[in-house]
Amino acid sequence: MRRFKRGFTLVELLVVIAIIGVLIALLLPAVQQAREAARRMSCSNHLKQIGLAVHNYHDTFGTLPPGGIWAHDVPWANPAPPSPNPGRGGVLVCLLPYVEQSALHDKINFESNTTVSEQWVNSPTNTIKVKNVIIDIYQCPSDTHGGYVPGTQLAAHNYVASAGPTGISPTGNPNCPCALGATFNSYRIDTAHNQQNPAGPFTRYGNTFVARFRDVTDGLSNTIFFGEIRTSCSSHARNGWATSNNGQGLVGTLVPINTDSCYSKTDAPGGDTCFAYCSWNTEFGFKSWHPGGAQTLQGDGSVTFRAETINHQMFQRLGQRDDGLPINLN
């Protein structure tokens, strides 16, 4: 008597495929969440290393690094500074020796009439400039742009030194206007601070002001020093990590976390350029690739995830270095 081996019927095969599809659908979000959790942890570690670098820099020089610095003064100063006035970089350039990038720092000529970001680092071949060198610790692993400012070969950064609740342009860029700046400025704790004397620890006017730890009278653990930024969402951040005017000491707490400024002027929804990265106000808020908020580095080196829903007035207290009413939400 012949025996026949029974195989799967078409219906049974389809049922098995459907079950596998359901299992994959159930597992995929969990896998993605696990990967994002790992990336966020790595991102947090980068911020902690930057915090340690800031402390080492302060131990060496007695001050915090400048947010931005030029050979003479900011190019838009009145009266105009002497020419040439090459950019000397800012916080991220100054911290290079303290984030295991001494070799790169040693190749930079800080007395040259050539802007730091435009100097060659692979002489005599001269094919790579400072601005092209990716510094892993300056980038969040959740960023998906492969290390560069979108559409360029400029090495990007995802961390920015905080200006706290220092005033911003009320109407924004004349060529990319946004009136929301006036609303954000209403959250300022006082009007005694400006970019030459920032409410936070840093300013891009590094030729005029650099803070010391003793200037942070609210306490290092109660004051935000750095936060996250999405490179593609700020025309200043798009300048790359090695330039003097790249958001360092300009981004602060006045703009709510993850405020959308990630469109070009021509693609802004409804033509509203408050959504554009060229706004000169909405672009100056902390933004991250992590859902629901962004990470900040306190002056004591601790890192905290700040939810988008944080009380905005309390957020200003965390941003200001000397308001006399320290708040610790860790």
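Details of the structure are given in the entry above.
Residues numbered from 1 in each chain as written. Predicted model: local features only at pLDDT ≥ 70, side-chain atom pairs only at ≥ 80, totals over all residues. Heavy atoms only, no water.

Asker: Lay out helix α5 (residues 312-319) in plain terms, naming residues and giving numbers.
Answerer: The complete set of buried residues in α5 reads H312, F315, Q316, L318 and G319. One face of α5 carries all of its buried residues, which in axial projection span an arc of 160°. Those residues of α5 hidden inside the fold are in contact with β6 (224-228), β7 (293-298) and β8 (303-307). (Buried < 20%, exposed > 50% of the residue type's maximum accessible area, 1.4 Å probe, protein only. Helix = DSSP H or I, 4+ residues; strand = E, 2+ residues; numbered from the N terminus. Arc of directions from axis to C-beta. Contact = heavy atoms within 4.5 Å.)

Asker: Can you explain unusual backbone geometry? Please cite residues and give values.
Answerer: With an omega dihedral of 5°, the bond running from N78 to P79 counts as a cis peptide bond. Here P79 shows up in the loop between β1 (68-70) and β2 (87-90). Cis rather than trans, the peptide bond between S83 and P84 has omega equal to 0°. Checked against the element boundaries, P84 lands in the loop between β1 and β2. With a phi close to 60°, N258 is a non-glycine residue in the positive phi region. Here N258 lies in the loop between β6 and β7. If you check the backbone angles, W280 has positive phi at about 65° while not being a glycine. Looking at the element boundaries, W280 is found in the loop between β6 and β7. Classification of W280 by relative accessible area gives partly exposed; the value is 36%.

Asker: Kindly report on the sheet that holds β6, identifying the contributing residues and their values.
Answerer: Pairing is antiparallel in the open sheet, where four strands are placed in the order β3-β6-β7-β8. Only two strands of the sheet have a single neighbouring strand rather than two, namely β3 (159-161) and β8. Sheet twist, expressed as the mean angle between neighbouring strand axes with direction ignored, is 30°. Note: β7 against β8, five bridges, orientation antiparallel. The residue bridging G293 from the neighbouring strand is A307, located in β8. (Pairing = 2+ DSSP bridges. Axes fitted to C-alpha atoms, helices over the stretch in contact; angles between N-to-C directions.)

Asker: Describe a nonpolar patch on the surface, listing the residues and the values that go with them.
Answerer: Taken together, the side chains of L10, L13, L14 and I17 make up a nonpolar region of the molecular surface, amounting to roughly 410 Å² of accessible area. Assessed through its relative accessible area of 62%, L10 is described here as exposed. (Patch = residues over 30% accessible without salt bridge, like charges linked within 9 Å, V, L, I, M, F, W, Y side chains within 5 Å. Areas by Shrake-Rupley, 256 points an atom, 1.4 Å probe, with all protein chains shown as cover. Salt bridge = Lys/Arg side-chain N within 4 Å of Asp/Glu carboxyl O.)

Asker: Lay out the nonpolar core in plain terms, naming residues and giving numbers.
Answerer: Soluble globular proteins tend to bury their nonpolar side chains together. Grouped together as the largest cluster of nonpolar side chains are 38 residues, with contacts concentrated most on Y138, F226 and W241. Those elements that place two or more of their residues in this core are α1 (10-61), α2 (91-94), β3 and β6. The leading source of residues in this core is α1, at six residues. Excluding anything up to four places from it in sequence, Y138 contacts I50, L92, L95, L96, V99, A156, H157, N158, Y159 and W241. Listed in part, the 17 residues of the second largest apolar core include I168, V251, I310 and F315. (Core = buried A, V, L, I, M, F, W, Y, C linked by side-chain atoms within 4.5 Å.)

Asker: Tell me about the state of the cysteines, residues and numbers included.
Answerer: The tally for this structure, following the rule as stated, stands at three disulfides. The disulfide that involves C233 links it to C262, with 1.9 Å between the sulfurs. Because the torsion about its S-S bond is 95°, the bridge between C233 and C262 counts as right-handed. With a gap of 29 residues between them, C233 in the loop between β6 and β7 and C262 in the loop between β6 and β7 connect regions that are remote in the sequence. For the protein chain, the disulfide bridges join cysteines in the arrangement 1-6, 2-5, 3-4, where the cysteines are counted in sequence order. (Disulfide = S-S within 2.5 Å.)

Asker: Go over the packing of aromatic side chains, please, and point to the residues and values.
Answerer: Within the structure shown, the criterion is met by ten aromatic pairs. Measuring from ring centre to ring centre gives 5.8 Å for Y138 and W241, while their planes differ by 55°; the resulting arrangement is tilted. Taken together, the positions of Y138 in the loop between α3 (102-106) and β3 and W241 in the loop between β6 and β7 put the pair 103 residues apart, joining distant regions of the chain. Comparing Y138 with W241, the two get one shared label, buried. Aromatic side chains F202 and F225 sit 5.9 Å apart centroid to centroid with 90° between the ring planes, which places their arrangement in the edge-to-face category. (Phe/Tyr/Trp six-rings, centres within 6.5 Å; stacked < 30°, edge-to-face > 60°.)

Asker: Please set out the side chain of N222 residue by residue, giving values where relevant.
Answerer: For N222, the location among the structural elements is in the loop between α4 (180-185) and β6. Contact partners of N222, with chain neighbours within four places excluded, come to Q298, R317, L318, P326, I327 and N328.

Asker: Before we move on, can you summarise the environment of T166 with the specific residues and values?
Answerer: With respect to the helices and strands, the residue T166 is situated in the loop between β3 and β4 (172-173). Each C-alpha atom of the pair T166 and Q196 lies 9.8 Å from the other, and the pair is 30 residues apart in sequence. Once you skip the residues sitting within four places of it in the chain, T166 turns out to touch N194, Q195, P198, A199, G200 and L254. Separated by 2.6 Å, the side chain of T166 and the backbone oxygen of A163 make a polar contact. (Polar contact = N/O pair within 3.5 Å; in protein donor to acceptor, adjacent residues only side chain to side chain.)

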